[in-house]
Structure formats: structure tokens, C-alpha cells
Amino acid sequence: MSRATSATIHTDALRQNLQLIRRRAPSSRVMAVVKADGYGHGLERVARALQGADAFGVAALSDAERLRAAGLSQRIVLLSGPDEPDDLALLRRLQVDAVIHHASQLQLLDVDPGGAPIRVWLKLDTGMHRLGFPAVDAAQVHARLRALPGVADDIVLMTHFACSDEFSGSATHAQMRCFDDAVRGLPGEHSLSNSAGVLGWPEAHRHWVRPGGALYGLSAVEGQTGLDLGLVPAMTLSTRLISVKDVEAGASIGYGGAFVAPAAMRIGIAAIGYGDGYPRHAGSGCPILVGNTIARTVGRVSMDLMAIDLSTAPEAGVGSPVIAWGRGLPIETVAAKADTLGYELACGITRRVRFIED
Ligand SMILES: *Cc1c(COP(=O)(O)O)cnc(C)c1O
């Protein structure tokens, strides 16, 4: 029998989350961000489920190639744009839009041998200081792009928020003001919002929203789960118990003897570990579902296995289903224990995990 560890991808949840985003931003078109293999959910699978989106956002041209090979004809946007001369031909062949965020890319376009015009999203840095031209240079860069024969005329103006997950912070207001000042008088559609922008900043919706995490039911908002935000989890990571044993008080469990049983207890061993993408850093005491009951992990997570205190699930035995996160247990609960976001956990599922679509 193959290993029980599997990631079930709920394609209906992807569609539901897209609908919720459309209800929240009813006047905007939606670029579904599917970078990092669809946030770990599987690129082609996610894109097929989200065919109702107006465009897909990817971080690599190879992802755009995969989407085209899968027969997807939607608009695709390469979020970091071209970085070598050959990329321009590939953008044209695949009919992919390019984000242009740096002067080095203008140089690529200057020596562009030409061809069908490439659709460009001009990215401005309005305060995150990651990608983007200085906002004050917007008009100048825009004019330079407009003058290039290899660039299509309808340039989209975009920026990215650093702190939109803080729904009451002033940083997002400042970034919006900076963007609006920079693009005043320039023609073109606007795109500002990631998931948190969609959920928390209606005035930032504009022509195009760019949700990623929210499509997968993931929350970027501290202290709130995807469910709290009205989203449905699109991944359930599950496995089974492959051993159950009763230990005496004082018995140490797992590597390093990191957990010592304070009393006689029943321990279940689940077939999942950091080799599957379960965070070792979550440590002892992380919630996990055994059957329908919340239990706690004990001791160190190992590569293939981890130990669970079965005192809340006395009826559990070998073969009992275990859910690490997803339906019944928000991924954010585990992420909080591991000092990270559900985003990182979803992206970190490893290749040996079996993917199931439902
Ligand atoms: C990743 C990304 C997004 C999506 O962000 P989420 O927080 O996952 O919604 C949007 N825009 C850009 C430019 C990105 O890189």
C-alpha cells in the first residue's frame, strides 16, 4: 500500500473563494495569482478550477509555458517580467504580459528585435521597496515604454502593498496616495490589491485585483484564519495512524527524548513529518485532528512520522484518519505554532505527498 499521506485539493473551494472575491470587488477584473505551483496546490489543477478568472499571474515563464500547454488561453501576466533577451520572444510566443519594474528591463526592450507588441504592466514602487520604478519616475518611464514599437499601447499601472494585511494601518493609505499622485494624468488601468487589499481596502480595488492566498482559503491577516475572513480552505493534508502504544509515566517520546510523559498515556504515531512538509518548527503541543477530535502533537516532528497524545481520542487506533490541516483544522492554527503563515506551509508540501482532487 502506498503511504497514506495525501493533500486533497478542494477545487470547489477554489471556485467559491473566487466568487467571494468577485462579490467583494464587483467592479474589478481578477488576476488569479498561481505562482509557486498554485501556492503548492498544483498549477494546472488550480488554473483549470479557476478558468473563470480574467487572467493568471505567474512568477516564472516556465509556469506560463505549463499553462499554455494545459490548453489555458486566459491572459497571463509574468509578475517579475523578462530578465534575459530570449524572454521577449517567449513572451510573444506564449502571448504573456510582462510586468516591467526595473531599468534593466527597459534596456532589454531597447534592443528588442521586435515582433508583436507585448502587453506591459508598469510597476511602481510606492513604499514597499521591493520591485518597481520610483513612483516619481512614473510619467517618464511610461513615455519611454509608449515610444517602443514592441510594447502595446494599453499599459497597466500597478503597485504592490507591503502592509495591506493591517486593515487599519496608515502605510496602505500612504502607498495609495503615492500611487495616485504618480499616475495622475497617465492613461491606463490600475492594479494595486493583493488578497488583503481585496478583503480590507475597497478603495484600492480599481480595475484589476490580484488575489493569491485568498483563492486558496489562506489568510495573510495576523490572528485571523481564512475561515474568519469568509474563505474556504482549498487543501486538506491528511494521513493515518500507523501505530498506537501505551506508555508509562516518565517515558520519553521520539528524538532527543524531547517530550516526557507526565503520566501513563496513549500515543499515536502518524505517517507524516517534515519530509512531507509538516513544519518541524511547530514543535510539541500543536493541534492535529484524529478522527473528528482535536489532539496535540508530542515531541519532535521527525522526517516521516510524528507522535500524538491520544488522551482526547481514546477510541483511535491503527488506521484512524489524521488531518494535519485543512477541513476541520485551519492551516493558520498550525502556522501560528510554527511562527509562519499558512502560505508557507501550503507552498512547502513535498513531492512525495500524493495529491487528490475532489
Ligand atoms: C504574490 C503576489 C500577489 C498575491 O498576493 P497574495 O497576498 O497571495 O494575495 C499579488 N501581486 C503580486 C505582484 C504578487 O507578487
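Please refer to the structure placed before this passage.
Report follows, based on the coordinates. (Residues numbered from 1 in each chain as written. Predicted model: local features only at pLDDT ≥ 70, side-chain atom pairs only at ≥ 80, totals over all residues. Heavy atoms only, no water.)

Volume-wise, the largest pocket comes out at about 550 Å³. Lining the largest pocket are 29 residues, and of these Lys35, Tyr39, Arg130, His160 and Asn194 lie nearest its centre. Sorting the residues of the lining of the largest pocket by element identifies α2 (35-39), α9 (195-200) and α11 (342-347) as the ones contributing at least two each. With 3 residues, α2 is the single largest residue contributor to the lining of the largest pocket. Broken down by class, the residue content of the lining of the largest pocket amounts to 17 nonpolar, 7 polar and 5 charged. Each pocket or cavity is described by its volume, and for the second largest pocket that value is around 280 Å³. (1 Å grid on protein atoms, 1.4 Å probe; cavity = no way out; pocket = protein on both sides within 12 Å on 5 of 7 lines; lining within 4 Å. Points joined across faces, edges and corners; volume = space filled by probe spheres on them. Helix = DSSP H or I, 4+ residues; strand = E, 2+ residues; numbered from the N terminus. Nonpolar A, V, L, I, M, F, W, Y, C, P; charged D, E, K, R; others polar.)

For the rest of this paragraph, the subject is the site of the ligand. As a matter of local geometry, the ligand sits amid Val33, Lys35, Tyr39, Lys123, His160, Asn194, Ser195, Arg210, Pro211, Gly212, Gly213 and Tyr343. Between the ligand and Arg210, the relevant distance is 2.9 Å, taken from a nitrogen atom to a side-chain nitrogen or oxygen of the residue. Protein contact buries 91% of the 390 Å² of open area that the ligand shows by itself. Most atoms of the ligand, that is more than half of them, are within 2 Å of grid points of the largest pocket. Tallied by class, residues from the shell around the ligand come to 4 nonpolar, 5 polar and 3 charged. (Near = heavy atom within 4 Å. Polar contact = N/O pair within 3.5 Å; in protein donor to acceptor, adjacent residues only side chain to side chain. Areas by Shrake-Rupley, 256 points an atom, 1.4 Å probe, with all protein chains shown as cover. Sits in = over half its atoms within 2 Å of the grid points.)

Now for the environment of Gly326. The topology assignment puts Gly326 in the loop between β18 (321-325) and α10 (331-337). Along the primary structure Gly326 and His205 are separated by 121 residues, whereas in three dimensions their C-alpha atoms are 28 Å apart. Once residues within four sequence positions are removed from consideration, Gly326 is found in contact with Pro233, Met235, Thr236 and Ile331. (Contact = heavy atoms within 4.5 Å.)

Tallying each qualifying case throughout the model produces 2 cavities of 30 Å³ or more. The volume enclosed by the largest cavity comes to roughly 120 Å³. As for the largest cavity, its lining consists of 15 residues, and the residues nearest its centre are Gly217, Pro233, Gly326, Ile331 and Glu332. Across the lining of the largest cavity, the residue classes break down as 9 nonpolar, 5 polar and 1 charged. Every residue along the wall of the second largest cavity is listed here: Lys123, Leu124, Asp125, Thr126, Gly127, Met128, Arg130, Leu131, Thr159, His160 and Gln175. The element that contributes the greatest number of residues to the lining of the second largest cavity is strand β6 (residues 120-125), accounting for 3 residues.

The topology assignment puts Asp63 in helix α4 (residues 61-69). As a buried residue without a salt bridge, Asp63 has its nearest oppositely charged side chain in Arg66, at a separation of 4.0 Å. Excluding anything up to four places from it in sequence, Asp63 contacts Lys35, Ala36, Leu43 and Val58. (Buried < 20%, exposed > 50% of the residue type's maximum accessible area, 1.4 Å probe, protein only. Lys, Arg positive; Asp, Glu negative; His and termini not counted. Salt bridge = Lys/Arg side-chain N within 4 Å of Asp/Glu carboxyl O.)

For the rest of this paragraph, the subject is the pattern of salt bridges. Within this structure, the stated rule accounts for 18 salt bridges. Taking the shortest distance from any N to any O, the salt bridge between Arg3 and Asp276 comes out at 2.8 Å. With Arg3 in the segment before β1 (6-9) and Asp276 in the loop between β14 (265-270) and β15 (287-290), this pair connects stretches of sequence that are 273 residues apart. On the accessibility criterion, Arg3 (31% relative accessible area) is partly exposed. Where Arg92 meets Asp112, a salt bridge forms, and the shortest distance between an N and an O atom there is 2.7 Å. Here the residue Arg92 occupies a position in helix α5 (residues 85-94), and Asp112 occupies one in the loop between α6 (103-110) and β6, the gap between them amounting to 20 residues.

In this section: the packing of α6 against helix α7 (residues 138-146). Here α6 crosses α7 at 20°, and the two axes come no closer than 11 Å. Considering their axes alone, α6 and α7 lie roughly parallel with respect to each other. The two elements α6 and α7 meet at a crossing, and its hand is left-handed. Contacts between α6 and α7 involve Leu106, Leu109 and Asp110 on the former and, on the latter, Val141, Arg144 and Leu145. The residue inventory of the contact of α6 with α7, partitioned by class, reads 4 nonpolar, no polar and 2 charged. (Axes fitted to C-alpha atoms, helices over the stretch in contact; angles between N-to-C directions. Parallel < 35°, antiparallel > 145°, perpendicular 65-115°, else oblique. Left-handed = near helix turned anticlockwise from the far one by under 90°.)

This paragraph deals with the side chain of Lys123. Turning to its location among the elements, Lys123 is positioned in strand β6. Although Lys123 is buried, it makes no salt bridge; Asp125 carries the closest opposite charge, 8.7 Å away.

Bringing the nonpolar core into the picture now. Phe56, Leu67, Leu145, Tyr278, Val290, Ile308 and Trp325 are the most contacted members of the largest nonpolar core, which has 110 residues in total. With 5 residues, the single largest contributor to this core is helix α1 (residues 11-24). Here Ile308 is in contact with Leu241, Arg266, Ile267, Gly268, Ala270, Ile288, Val290, Ala295, Arg296, Thr297, Val298 and Val322, once residues within four sequence places are set aside. Listed in part, the 9 residues of the second largest apolar core include Ile253, Ile267, Ile269 and Val298. (Core = buried A, V, L, I, M, F, W, Y, C linked by side-chain atoms within 4.5 Å.)

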